[in-house]
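The primary structure of each chain is shown beneath.
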Amino acid sequence: MPPECRVMHECAPDPLVGLPEIPAHPPDFVLGAHFTQARADKIDLDPANWLWPEELKLVCWLVHTHELAFAWDASEHGHLDERYFLLYKIPTVPHAPWSQHNITIPPSTIGKVTRIIKEKISSGVYEPSTALYHSRWFCIIKKDGKSLSAGDVHEFE
């Protein structure tokens, strides 16, 4: 195997160092820069309604304390920390590249699909590519009208 394709194993720094201590009696809900009352209501931290009040306060405290770890919308999408997840190259064998044409997007939804794809590109969920490969795909706009379910259609032998 070529040296640039070998997986390197390194000891990553301890992710638990510097984390705040969990309080025995968490404070009442405190507004954060991202974790607001509206977002707390929207994500419903106790959907089954089985947490005790103190437990719910602790969940709110955890989310508030670590609010920068969450992507509150697509623009805050991030990537895995390379200190813990190293990049690597996958070796390939010589072969002919392939390209397939997409299933046509219905004209009635092309505006919504284009808008959603542009949002995903700007937030980093989708990345531009100049690869020689192109899989056939189709898309379905979900009921909320804001998200997209994209599928890959493989040919069966």
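Here is what the cut-offs are and how they apply
Residues numbered from 1 in each chain as written. Predicted model: local features only at pLDDT ≥ 70, side-chain atom pairs only at ≥ 80, totals over all residues. Heavy atoms only, no water. Helix = DSSP H or I, 4+ residues; strand = E, 2+ residues; numbered from the N terminus. Rg over C-alpha atoms; globule rule 2.2 N^0.38 Å. Contact = heavy atoms within 4.5 Å. Lys, Arg positive; Asp, Glu negative; His and termini not counted. Charge placed at Lys NZ, Arg CZ, Asp CG, Glu CD. Buried < 20%, exposed > 50% of the residue type's maximum accessible area, 1.4 Å probe, protein only. Salt bridge = Lys/Arg side-chain N within 4 Å of Asp/Glu carboxyl O. Polar contact = N/O pair within 3.5 Å; in protein donor to acceptor, adjacent residues only side chain to side chain. pLDDT = per-residue confidence, 0-100. Patch = residues over 30% accessible without salt bridge, like charges linked within 9 Å, V, L, I, M, F, W, Y side chains within 5 Å. Areas by Shrake-Rupley, 256 points an atom, 1.4 Å probe, with all protein chains shown as cover.

## Comments concerning the overall build of the protein
Within the protein, the secondary structure is distributed over three helices and two strands. Taken from the N to the C terminus, the helices and strands of the protein come in the order α-α-α-β-β. For a compact globule of 157 residues, the expected C-alpha radius of gyration is about 15 Å, and the protein comes in at 22 Å, more than 25% above that figure. At a minimum sequence separation of 6, the contacts of the protein that also span at least 24 residues come to 66%. Measuring between centres, the 14 positive side-chain charges of the protein sit 10 Å from its 21 negative side-chain charges.

## Comments concerning the side chain of Glu67
Within the fold, Glu67 resides in the loop between helix 2 (53-65) and helix 3 (110-123). Arg39 is the oppositely charged side chain nearest to the buried, salt-bridge-free Glu67, at an N-O distance of 7.0 Å. A polar contact is formed between the side chain of Glu67 and the backbone nitrogen of His34, at a distance of 3.1 Å. In this structure Glu67 touches Gly32, Ala33, His34, Phe35 and Trp72, once residues within four positions along its chain are discounted.

## Observations concerning the pattern of salt bridges
Opposite charge on two side chains makes pairing possible when the charged atoms of those side chains draw close. Counted by the stated rule, this structure contains four salt bridges. Between Asp81 and Arg83 there is a salt bridge, with the nearest N and O atoms lying 2.6 Å from each other. Judged by its relative accessible area of 31%, Asp81 falls in the partly exposed class. Overall, Arg83 belongs to the exposed group, its relative accessible area being 51%. The structure contains a network of salt bridges with shared partners spanning Asp28, Glu54 and Lys57.

## Remarks on the confidence of the model for the protein
For the protein, the mean per-residue pLDDT works out to 82, and 92% of the residues sit at or above 70. No element of the protein has a lower mean pLDDT than strand 2 (residues 148-152), at 65, and none a higher one than helix 2, at 93.

## Examining a nonpolar patch on the surface
A surface patch of nonpolar side chains, amounting to about 360 Å² of accessible area, comprises Val7, Tyr88 and Ile90. Position of Ile90 among the secondary structure elements: in the loop between helix 2 and helix 3.

## Looking at the environment of Lys42
Turning to its location among the elements, Lys42 is positioned in helix 1 (residues 37-43). With 25 residues separating them along the chain, Lys42 and Val17 place their C-alpha atoms 31 Å apart.

## Brief notes about the side chain of Asp46
With respect to the helices, strands and loops of the structure, Asp46 is situated in the loop between helix 1 and helix 2. This buried residue, Asp46, is left without a salt bridge; Lys57 holds the nearest opposite charge, at 14 Å. In contact with Asp46, not counting residues within four places along its chain, are Leu51 and Leu56.

## Re unusual backbone geometry
The backbone phi angle of Asp44 is positive, close to 50°, even though this residue is not glycine. Along the chain, the position of Asp44 falls in the loop between helix 1 and helix 2. We classify Asp44 as partly exposed; its relative accessible area is 41%. At Asn49, a position not held by glycine, the phi torsion is positive, near 60°. Structurally, the position occupied by Asn49 is in the loop between helix 1 and helix 2.

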